[in-house]
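Fold and contact review
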Amino acid sequence: MAPASPRLSAPPKSTPTFSPDKTSVIFVLGGPGAGKGTQCAKLVRDYGFTHLSAGDLLRAEQDREGSEFGDMIKEYIKDGKIVPMEVTVQLLENAIMDKDEGRGRFLIDGFPRKMDQAVRFEEAVCPSKFTLFFDCPEDVMSERLINRGKTSGRTDDNAESIKKRFKTFVETSMPVVEYFEKQGKVVKIKAVKSPDEIYEDVKEAMVQRGIEPSAK
Ligand code: UDP
Ligand code: MG
């Protein structure tokens, strides 16, 4: 019997698009409501990072007229599931390219949240320097999200979606943190105090990793 024809797939890529010499990538992870976006804004202000939030890029693509992925993204986000990685990795690669063809420092917020994304991004786009991981108990995150939901207009800041996002975080995203931890590439920050207090610890972590603030 003739063998089944192989599935079509993208050709394997042996070299990442961006070299870590000119493109500095730091991943920012943590559960939903851990404060990733809040801390990223402070880092942008003081260190001259370009902030790329995977969730924001997906929401923008969802709203882009003519996007073939809009409906799919909408469903995944509401369900707290991880959008197939091809879409997210491509959106990130495009955004990095759009910023000075990738020259500079990038904070990639809320990504990678699944092993396949982590591996693909580092192989095909750019190896990361390290991961900032914001560690926060679920009850604290939950309260923040419910509060944010009053004004955020996000379809996933409601009790039902929040529960699903927590489950995805524990089952799917924590293995990514553990994977980088084994490589000595995770800086863990307790994220329960006030934003300014947490930021003091973030700056300390930057010193430890040899990252200097940008000149004022
Ligand atoms: N998302 C995804 N892949 C990613 C990042 C985000 O599919 O790499 C989706 C996922 O459904 C997630 C949602 O976007 O729950 C919102 O992500 P965001 O980082 O904005 O929010 P957070 O849950 O961290 O508050
Ligand atoms: Mg966010």
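Residues numbered from 1 in each chain as written. Chains lettered and ligands numbered in written order. Predicted model: local features only at pLDDT ≥ 70, side-chain atom pairs only at ≥ 80, totals over all residues. Heavy atoms only, no water.

Turning to the sheet that holds strand S2 (residues 50-53), a few remarks are in order. Read across the open sheet, the five strands follow the order S2-S3-S1-S4-S5; overall the sheet is parallel. One side of each edge strand has no neighbouring strand; the edge strands of this open sheet are S2 and strand S5 (186-190). Taken pair by pair, the neighbouring strands of this sheet meet at an average axis angle of 20°, ignoring direction. Pairing between strand S1 (residues 23-30) and strand S4 (residues 130-135): four bridges, direction parallel. Note on S4: the bridge partner recorded for Ile26 is Phe130. (Pairing = 2+ DSSP bridges. Helix = DSSP H or I, 4+ residues; strand = E, 2+ residues; numbered from the N terminus. Axes fitted to C-alpha atoms, helices over the stretch in contact; angles between N-to-C directions.)

For the rest of this paragraph, the subject is the UniProt feature "binding site: ATP" (unreviewed entry) in the protein chain. The sites that carry the UniProt feature "binding site: ATP" (unreviewed entry) are, in the present numbering, Gly33, Ala34, Gly35, Lys36, Gly37, Thr38, Arg148 and Lys193. With respect to the secondary-structure elements, Ala34 resides in the loop between S1 and helix H1 (36-47). Once residues within four sequence positions are removed from consideration, Ala34 is found in contact with Phe134, Cys136, Met141, Arg144 and Ala191. Tracing the chain through its elements places Gly35 in the loop between S1 and H1. (UniProt positions renumbered as here; feature names shortened; annotations may be inferred. Contact = heavy atoms within 4.5 Å.)

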